[in-house]
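Report on the structure
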Amino acid sequence: PGISPKQLKFYQEVLTYYQNLARERGNDEPARKRFADAAMRVAMLKRSLGKGKEAIEDYEQAKQEYEALARDFPGQRDYRRLLAECYYHIGWVRG
């Protein structure tokens, strides 16, 4: 089944919010994580809307930032887990 017009409107609003958040890049650790998290959420929303090719681009963006975070902050295991999630989602979308 498809999504209702009301759900689609909500997804589009949330997508716009996270796209705007993803544009706000910073250089400190919390800002970089916010950017990566926002890119991941944008990708998930796009995938939910049937925009797989566009979603992969956002997953790749999140993946690059999580890779950098995992490298720069090796004590933060969460970054490696999130990086693994990116690989999983990219593989799932590509089939």
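All values derive from a computational prediction rather than experimental measurement.

1. Overview of the overall build of the chain
Helix and strand content of the chain: four helices and zero strands. Overall, the chain shows an N-to-C arrangement of helices and strands of α-α-α-α. The C-alpha radius of gyration computed for the chain amounts to 14 Å, which stays within 12% of the reference 12 Å derived for 95 residues, consistent with globular compactness. When its C-alpha atoms are laid out on the principal axes, the chain stretches across 45 × 30 × 15 Å.

2. Some points on the side chain of Lys63
One can find Lys63 in helix 3 (residues 52–72). Residues in contact with Lys63, not counting those within four places in the same chain, are Leu83, Cys86, Tyr87 and Ile90.

3. Side note on the side chain of Lys46
In this structure, Lys46 sits in helix 2 (residues 29–48). Once residues lying within four places of it in the same chain are set aside, the contact partners of Lys46 are Leu15, Gln19, Lys51, Glu54, Ala55 and Asp58.

4. Some thoughts on the confidence of the model for the chain
Looking at the chain as a whole, its pLDDT mean stands at 89, while 98% of the residues score no less than 70. At the low end of the mean pLDDT range in the chain sits helix 1 (residues 5–23), at 80; at the high end sits helix 4 (residues 77–94), at 96.

Procedures and definitions
Residues numbered from 1 in each chain as written. Predicted model: local features only at pLDDT ≥ 70, side-chain atom pairs only at ≥ 80, totals over all residues. Heavy atoms only, no water. Helix = DSSP H or I, 4+ residues; strand = E, 2+ residues; numbered from the N terminus. Rg over C-alpha atoms; globule rule 2.2 N^0.38 Å. Contact = heavy atoms within 4.5 Å. pLDDT = per-residue confidence, 0-100.

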